[in-house]
Amino acid sequence: MSVVRINAITVPAERAEEFEARFAARAGEVAKSPGFEAFELLRPSDDRGVYLVYTRWESQEAFDAWVESSAFQRGHKAHNTQGPVSSQSELWSFEVIQSEGAAA
Ligand code: HEM
């Protein structure tokens with residue numbers, strides 16, 4: 001059963017452009033991590049100011065291994081060296097119990 005880990009990041013409006021620019025230049029290493037299934041960066045279209053970084057993994061262990069890896073460190077290089085653009089972040093955890101895509 002897949003697991004979903006979402007990092008919900010609150011970004012002040014005046015830093016949204018910088019936040020998106022960091023992701024536009026992201027390392028792209030997450031997709032190479034064992035057990036990786038999907039990534040999406042979701043921009044809020046309501047007034048909450050919360051971006052969601054959606055990731056899906058084949059197991060909890062696969063996610064934990066990525067978080068502890070040097071790939072995670074490289075994926076957060078700008079965050080680590082230039083400081084956060086967020087005012088708050090929280091990790092949301094889910095298990096996928098049903099899934100369907102559009103018919104081809
Ligand atoms: C303190 C908490 C965190 C903050 C504020 C944060 C913010 C950011 C930012 C701004 C970037 C763009 C690259 C950079 O700035 O270096 C990034 C990359 C990324 N973040 Fe986070 N992050 C955090 C933790 C997490 C966690 C727990 C996850 C798990 C869902 C996650 C998922 C990702 C992914 C998938 C990327 C792209 C990495 C790649 O392309 O290899 N982040 N994050």
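Everything here concerns the structure above.
Computed from a predicted structure; not experimentally measured.

Student: What is the right way to read the pairing of strand β3 (residues 50-57) from this model?
Tutor: Remember that side chains alternate between the two faces of the sheet whenever the strand is regular. Looking at chain direction, strand β1 (residues 3-10) and β3 are connected through 8 bridges and run antiparallel. For Ile9, the partnering residue across the bridge sits in β3 and is Tyr51. Bridging between strand β2 (residues 36-42) and β3 involves 6 bridges; their strand directions are antiparallel. Paired with Phe39 across the two strands is Thr55, which belongs to β3.

Student: Please clarify how the environment of Thr55 should be interpreted in this entry.
Tutor: Turning to its location among the elements, Thr55 is positioned in strand β3. Residue Thr55 is classed as partly exposed on the basis of its C-beta count, with 19 C-beta atoms lying within 10 Å. For the pair formed by Thr55 and Asn7, sequence separation is 48 residues and the distance between their alpha carbons is 8.4 Å. Each residue touching Thr55, except ones within four places of it in the same chain, is listed here: Arg5, Val30, Ala38 and Phe39.

Student: What is the right way to look at the site of the ligand in this model?
Tutor: Residues in contact with the ligand amount to 24 residues; listed here are only the nearest, Arg26, Val30, Gly75, Ala78 and His79. Looking at the shell around the ligand, the elements with two or more residues in it are β1, α1 (16-24), β3, α4 (77-82) and β4 (88-95). Tallied by class, the residues present in the shell around the ligand amount to 11 nonpolar, 8 polar and 5 charged.

Student: Whenever I open this one, the pairing of β4 confuses me. Can you help?
Tutor: With respect to burial, β4 is a largely exposed element, only 0 of its 8 residues being buried. Pairing geometry for β1 and β4, over 8 bridges, is antiparallel. Looking at β4, one finds that Ile9 is bridged to Ser89.

Student: When you look at the sheet that holds β1 in this model, what are you seeing that I'm missing?
Tutor: Within a sheet, each strand pairs with its neighbour through backbone hydrogen bonds, oriented either parallel or antiparallel. Pairing is antiparallel in the open sheet, where 4 strands are placed in the order β2-β3-β1-β4. Either end of the sheet is taken by a strand with one partner, and the two such strands are β2 and β4. Averaged over neighbouring strand pairs, the angle between their axes works out to 15° when direction is ignored.

Basis of the calculations
- Residues numbered from 1 in each chain as written.
- Predicted model: local features only at pLDDT ≥ 70, side-chain atom pairs only at ≥ 80, totals over all residues.
- Pairing = 2+ DSSP bridges.
- Helix = DSSP H or I, 4+ residues; strand = E, 2+ residues; numbered from the N terminus.
- Buried ≥ 20, exposed ≤ 12 C-beta atoms within 10 Å, placed from the backbone.
- Contact = placed C-beta atoms within 7 Å.
- Near = placed C-beta within 6 Å.
- Nonpolar A, V, L, I, M, F, W, Y, C, P; charged D, E, K, R; others polar.
- Axes fitted to C-alpha atoms, helices over the stretch in contact; angles between N-to-C directions.

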